[in-house]
Amino acid sequence: MNADPHACAGAGGESLAALRARHDALTAAEPKLRVRERARRLGTTEAALVAAGCGLDAVPLDTPKDVFRALGALGRVMALSRNDWCVHERHGRYEDIQADGHVGVVLGPDIDLRMFFQEWRDAFSVVENGRHSIQFFDRQGVAIHKVYRTEATDAQAWEALVARFASKQPPALPVPEAATPRNEADEAADPAALRAHWLGLKDTHDFFPMLRRFKVSRLGALRAAGPDLAQRVGADTAQAVLERAAERRLSIMCFVGNRGIVQIHTGPVEQLRRTGPWFNVLDPTFNLHLDTTAITECWVVNKPTVDGWVTSLEAYERGGELVVQFFGARKPGQPELVAWRELMQALCATPLAA
């Protein structure tokens, strides 16, 4: 990236050259740091490091939503979404891309996404150590979603996409915006009304509107609902569920998200391995990297739907943020897998509503 060396990295007025110099010193001292941690150490954002060309070549791309709509032309790629505690990687094609409004979906058999475009702001084509990616960032400079080129990707289509959307504007570093403050309470003001509404749910997708209606956090709702609807289990349960699913060859759904996206894997998990704090799924088309040391609470959550009761395991970190969710594999119109329901019930000290 041929950036203007006098452009500023942020409100402090740091130049691109100064940011790159600090970045180079950090990577020389600690070469194994991931970019997310490098940004944190340097007091900047990942988007700023990318825009400044810190250890990589980057091209800003115009109209990120249009870039995303064009991903279907690339063939097989690797899609990555993450939060601070969990990384979700899935190989496949972008198919059935629906991205017209503020909320979009990708409904392919391999890559399955829910996008919240009001959070999206910047996009870049990135080449780092010979590895090509397209990266999308939110208004705070945090990575929302990354698309990696693989041997199965149409390289010509990739280059055409980058050329089509490459910005003609002078390079500039993205200035992070303040995050929208939370307006929900951590305790339900009317637990009885919340529980009554919960018992009337018809679809799992109605859960988030319920939280907004009662202005309560997700954990606040779980704590208020009653043990037949939400029951706290051991903080180590996420790993145990993955292990039991692998042992029983049980097909599951794994949801990982951030402010701008939720990425979903549906299928079995087979190759499990621990590396330090990370518990990993290392299958050919699906990788999951879960920092189990960050999980402080796990809950079995039970929701009524028109297809019967649907149970999930939800893992939370110390600040109350959702880290990862697991369901039994299912599609709308299908009842929950009996084996998954039995696994969830076996985790609980008291019976779930049925």
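Computed from a predicted model, the values in this text were never measured in an experiment. (Residues numbered from 1 in each chain as written. Predicted model: local features only at pLDDT ≥ 70, side-chain atom pairs only at ≥ 80, totals over all residues. Heavy atoms only, no water.)

A.B. asks: Is there a simple way to think about the overall build of the protein in this case?
C.D. replies: Counting secondary structure elements, the protein contains ten helices and 18 strands. In terms of overall size, the protein behaves like a compact globule, its C-alpha atoms giving a radius of gyration of 21 Å where 354 residues would be expected to give roughly 20 Å. The C-alpha extent of the protein, read off along each of the three principal axes, is 65 × 45 × 40 Å. Put simply, the protein has 354 residues, and 50% of those count as buried. A separation of at least 24 residues holds for 61% of the contacts in the protein among residues at least 6 apart in sequence. Carbon and sulfur atoms make up 51% of the accessible area of the protein, which totals about 16600 Å². Counting 42 positive and 44 negative side-chain charges, the protein places the centres of these two groups 1 Å from one another. (Helix = DSSP H or I, 4+ residues; strand = E, 2+ residues; numbered from the N terminus. Rg over C-alpha atoms; globule rule 2.2 N^0.38 Å. Buried < 20%, exposed > 50% of the residue type's maximum accessible area, 1.4 Å probe, protein only. Contact = heavy atoms within 4.5 Å. Areas by Shrake-Rupley, 256 points an atom, 1.4 Å probe, with all protein chains shown as cover. Lys, Arg positive; Asp, Glu negative; His and termini not counted. Charge placed at Lys NZ, Arg CZ, Asp CG, Glu CD.)

A.B. asks: It is not clear to me how the pattern of salt bridges should be interpreted in this structure. Could you clarify?
C.D. replies: Oppositely charged side chains can form a pair if their charged atoms are brought close together. Taken as a whole and assessed by the stated rule, the structure comprises 25 salt bridges. Close ionic contact of K146 with E46 constitutes a salt bridge, the shortest N to O distance being 2.5 Å. Residue K146 is found in strand β9 (residues 143–153), and its partner E46 is found in helix α3 (residues 46–51); the two are separated by 100 residues along the sequence. The partner of R139 in a salt bridge is E177, with the nearest N and O atoms 3.5 Å apart. Pair noted here: R139 is in the loop between β8 (131–138) and β9 and E177 is in the loop between α5 (155–165) and α6 (191–199), with a separation of 38 residues, a long-range link. In this structure R139 comes out as partly exposed when scored by relative accessible area, which is 29%. One salt-bridge network, held together by shared partners, links E30, R36, E37, R40, R41 and D84. (Salt bridge = Lys/Arg side-chain N within 4 Å of Asp/Glu carboxyl O.)

A.B. asks: Looking at this structure, how should I read the sheet that holds strand β10 (residues 230–233)?
C.D. replies: Sheet strands pair by backbone hydrogen bonding; their relative direction is either parallel or antiparallel. Reading across from one edge, β4-β5-β6-β12-β11-β18-β17-β16-β10 is the order of the nine strands in this open sheet, with antiparallel pairing throughout. Across the chains shown, the open sheet's two edge strands, defined by having one partner strand only, are β4 (97–98) and β10. Of the strands in this sheet, β10, β16 (295–305) and β17 (308–317) touch α6, which is tilted by about 55° from β16. (Pairing = 2+ DSSP bridges. Axes fitted to C-alpha atoms, helices over the stretch in contact; angles between N-to-C directions.)

A.B. asks: Can you help me understand the pairing of strand β14 (residues 278–282) in this one?
C.D. replies: As a general feature of sheets, a regular strand has side chains that alternate between the two faces. In this structure, strand β13 (residues 272–275) lies alongside β14, joined through four bridges in antiparallel fashion. Residue pairing in the sheet places R274 in a bridge with F279 of β14. The antiparallel hairpin formed by β13 and β14 contains two residues in its connecting segment, where G276 sits at a positive phi of about 60°. Where β14 meets strand β15 (residues 286–291), five bridges bridge the pair, whose relative direction is antiparallel.

A.B. asks: Any chance you could explain the packing of α6 against helix α8 (residues 218–225) here in plain terms?
C.D. replies: To characterise two packed helices, one gives the angle between the axes of the helices and the distance between these axes. Their axes nearest at 9 Å, the elements α6 and α8 cross at an angle of 90°. When the axis of α6 is compared with that of α8, the two are roughly perpendicular. Of the residues in α8, those touching α6 at P191, L194, R195 and W198 are A221, L222, A224 and A225. Looking at the contact of α6 with α8 residue by residue, the class counts come to seven nonpolar, no polar and one charged. (Parallel < 35°, antiparallel > 145°, perpendicular 65-115°, else oblique. Nonpolar A, V, L, I, M, F, W, Y, C, P; charged D, E, K, R; others polar.)

A.B. asks: It is not clear to me how the environment of I295 should be interpreted in this structure. Could you clarify?
C.D. replies: Looking at where I295 falls in the secondary structure, it is placed in strand β16. In this structure the C-alpha to C-alpha distance between I295 and T285, which are ten residues apart in sequence, comes to 25 Å. With residues near it in sequence (within four places) discarded, I295 still touches A235, A238, L290, A315 and Y316.

A.B. asks: Any chance you could explain helix α2 (residues 35–42) here in plain terms?
C.D. replies: Taken as a whole, α2 has its buried residues at V35, R36, R38, A39 and L42. Considered in projection along α2, the buried side chains sweep an arc of 165° and stay on one side of the axis. Buried positions along α2 lie against α1 (16–29), α3, β2 (75–82), β7 (120–128) and β9. Phi turns positive, to about 70°, at G43, one or two residues after α2. (Arc of directions from axis to C-beta.)

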